[in-house]
Amino acid sequence: MGFLDILLGRTKPVAPDLDQLFALPSAAITLEAAAGFTPTGTGAVCFATVEGGAFAQANREVQALLDADTDRTGPPVELQRDAYGYSWLVSRRTPDQLSALVNDLHAVNSAMEVNGFGPQLLCSVAGFQDERGRRLGLVYLYKRGTFYPFAPLAGQGERRDNALELQIKAALANDLRIEQDLSRWFPIWGAPGL
């Protein structure tokens with residue numbers, strides 16, 4: 001960073017730290033104790049779709065890697081596209097396999113990064129729910145290296161439970177690197193598992 005950047009108030013972007021994902025299992029314990037939310041077993045990595053053979057090959061390699069897991073029960077990893085044109089690589093595990101789910105999310109992000117598609121990575125999300133059926137996603141922003149909670153309100157269109165999101169932010173402040181800029185808490189409508 002140069003002298004002119006300092007004078008003009010420019011900051012160096014935060015480098016992604018994928019190892020932050022490994023904090024999710026311990027954060028899940030805090031989340032259950034503080035708010036009654038437990039893992040759903042569903043997680044996904046969102047990325048901007050890129051056309052081309054190299055990207056398609058990298059995507060196939062990631063799917064093959066995750067589908068080869070002999071401990072996986074249920075459906076294999078699947079690729080979905082949302083209404084906004086983004087792609088989601090979805091992994092499903094049993095709710096008690098959050099650590100394995102986090103490994104899946106980390107493997108997808110790492111493989112995309114290693115193959116030169118880091119700029120296309122947007123976020124990763126792990127799903128949670130409580131006894132009342134409320135849904136919650138803990139979203140990892142790849143380019144910021146931070147998390148934020150996303151709580152869509154069921155049956156109310158595209159509305160979120162802002163009070164719950166702020167409650168979760170406070171509860172997880174010591175467990176996860178929480179995104180402090182609330183304007184970056186983007187809604188991820190239609191995200192798999194939410």
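These numbers come from a predicted model, not from an experiment.

About the criteria used
Residue indices follow the written sequence of each chain, beginning from 1 at its first position. Side-chain atom pairs in this predicted model are given and counted only at pLDDT of 80 or more, local residue features only at pLDDT of at least 70, and totals for whole chains, interfaces and linings cover all residues. Note that water and hydrogens are dropped before the side-chain values are worked out from all heavy atoms of the structure. Summary of the burial criterion: residues with accessible area below 20% of their type's maximum are buried, those above 50% are exposed, and those between are partly exposed, where the area comes from a 1.4 Å probe applied to protein chains only. By definition, any uninterrupted DSSP run of H or I lasting at least four residues is a helix, any uninterrupted run of E lasting at least two residues is a strand, and each is numbered from the N terminus. When DSSP finds two or more bridges between two strands, those strands count as paired. We define a nonpolar core as any set of buried Ala, Val, Leu, Ile, Met, Phe, Trp, Tyr and Cys residues linked to one another through side-chain atoms lying within 4.5 Å. Contacts were defined at the residue level, with two residues in contact if any of their heavy atoms lie within 4.5 Å. In the sections that follow, a salt bridge refers to a side-chain nitrogen of Lys or Arg positioned within 4 Å of a carboxyl oxygen of Asp or Glu. Between the N-to-C directions of two axes lies an angle of 0 to 180 degrees, each axis being a line fitted to C-alpha atoms and, for a helix, fitted only over the stretch in contact. Angular relationships are summarised with four words: roughly parallel below 35 degrees, roughly antiparallel beyond 145, roughly perpendicular across 65 to 115, and oblique for the angles in between. Note on convention: the crossing is left-handed when the near helix lies turned anticlockwise from the far helix by less than a right angle, right-handed when the turn is clockwise. Residue type decides the class: Asp, Glu, Lys and Arg count as charged, Ala, Val, Leu, Ile, Met, Phe, Trp, Tyr, Cys and Pro as nonpolar, and the leftover types, Gly among them, as polar.

### Considerations on the pairing of strand 4 (residues 121-129)
(1) Moving on: Within strand 4, seven of the nine residues are buried, which leaves the element mostly enclosed by the surrounding structure.
(2) Moving on: Relative to strand 5 (residues 135-141), strand 4 is paired through seven bridges, and the arrangement is antiparallel. Opposite A126, over in strand 5, you have L138 as the bridge partner.
(3) Moving on: Hairpin remark: strand 4 followed by strand 5, antiparallel, with five residues in the connecting loop; positive phi at G133, about 90°.

### Let's talk about the nonpolar core
(1) Moving on: By size, the foremost hydrophobic cluster in this structure holds 54 residues, and its most contacted members are W88, F128, I168, L176 and I188.
(2) Moving on: Ranked by residues supplied to this core, first place goes to helix 4 (residues 98-114) with eight residues.
(3) Moving on: Once you skip the residues sitting within four places of it in the chain, W88 turns out to touch A44, V45, C46, E78, L79, Q80, D82, C123, V125, I188, A191 and P192.

### Observations regarding the pattern of salt bridges
(1) Moving on: What the rule picks out here adds up to six salt bridges.
(2) Moving on: The partner of E165 in a salt bridge is R160, with the nearest N and O atoms 3.0 Å apart.
(3) Moving on: A relative accessible area of 18% places R160 in the buried class.
(4) Moving on: In this structure, the salt-bridge partner of D181 is R184, at a minimum N-O distance of 3.6 Å.
(5) Moving on: Residue class for R184 comes out partly exposed when judged on its relative accessible area of 30%.

### Thoughts on the packing of helix 3 (residues 53-67) against helix 4
Packed helices, taken two at a time, are described by the angle between their axes plus the distance between the axes.
(1) Moving on: Close contact between helix 3 and helix 4 brings their axes to 10 Å; oriented N to C, the two are set at 155°. When the axes of helix 3 and helix 4 are compared, the pair comes out roughly antiparallel. Two packed elements cross with a definite hand, and for helix 3 against helix 4 that hand is right-handed. Counted together, F55, V62, L65 and L66 of helix 3 and D104, A107, V108, A111 and M112 of helix 4 form the full contact between these two elements.
(2) Moving on: In terms of residue class, the contact of helix 3 with helix 4 is built from eight nonpolar, no polar and one charged.

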